[in-house]
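# Chains, contacts and geometry: an overview
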Amino acid sequence: MKSSFAGAADIVAHAETAAQHIKELKTACANGDKRAVGRSLRQAISELQLARAMLRTGLD
């Protein structure tokens, strides 16, 4: 995949990591594991916030 702007590949990597955490969240929900749900949700949010910050930095 060729990046259309500097840092795009890093943003995609963070989004993909967030997607993995969301999959883990889904499994935790199915298992009724609230602690794992919270952990996976926090990790997914963190990854997406990093991606958003990288995008904003790249646009400035």
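What counts and how
Here, residues in each chain are numbered from 1, in the same order as that chain's written sequence. In keeping with the predicted nature of the model, local features appear solely for residues at pLDDT of at least 70, side-chain atom pairs appear and are counted solely at 80 or more, and the whole-chain, interface and lining totals rest on all residues. Values shown for side chains rest on all heavy atoms present in the structure; no hydrogens or waters enter the calculation. Only DSSP runs of H or I with at least four residues qualify as helices, and only runs of E with at least two residues qualify as strands; both kinds are numbered from the N terminus onward. Here, expected helix span is obtained from the residue count minus one, scaled by 1.5 Å. Remark: exposure states derive from per-residue accessible area (1.4 Å probe, protein chains only) relative to the maximum for the residue type, with buried under 20%, exposed over 50%, and partly exposed in between. Here, two residues are considered to be in contact whenever any of their heavy atoms come within 4.5 Å of each other.

With respect to the helices and strands, the residue Lys26 is situated in helix H1 (residues 8-31). Residues Lys26 and Ala13 lie 13 residues apart in sequence; the distance between their C-alpha atoms is 20 Å.

Moving on, we come to H1. Compared with the 34 Å implied by 1.5 Å per residue over 24 residues, the 35 Å span of H1 between its first and last C-alpha is a close match. Three or more residues of H1 are buried, namely Ala8, Ile11, Ala18, His21, Leu25 and Ala28. Backbone geometry just downstream of H1 places Gly32 in the positive-phi region, at approximately 70°.

Attention now moves to the side chain of Ser40. With respect to the secondary-structure elements, Ser40 resides in helix H2 (residues 34-59). Of the residues examined, Ser40 reaches a relative accessible area of 4% and is grouped as buried. Excluding residues within four positions of it along the chain, Ser40 makes contact with His21, Glu24 and Leu25.

Here we come to the environment of Gly58. Looking at the secondary structure, you find Gly58 in helix H2. Given a relative accessible area of 52%, Gly58 falls into the exposed group. Sequence separation of Gly58 and Ser46 is 12 residues, and the distance between their C-alpha atoms is 18 Å.

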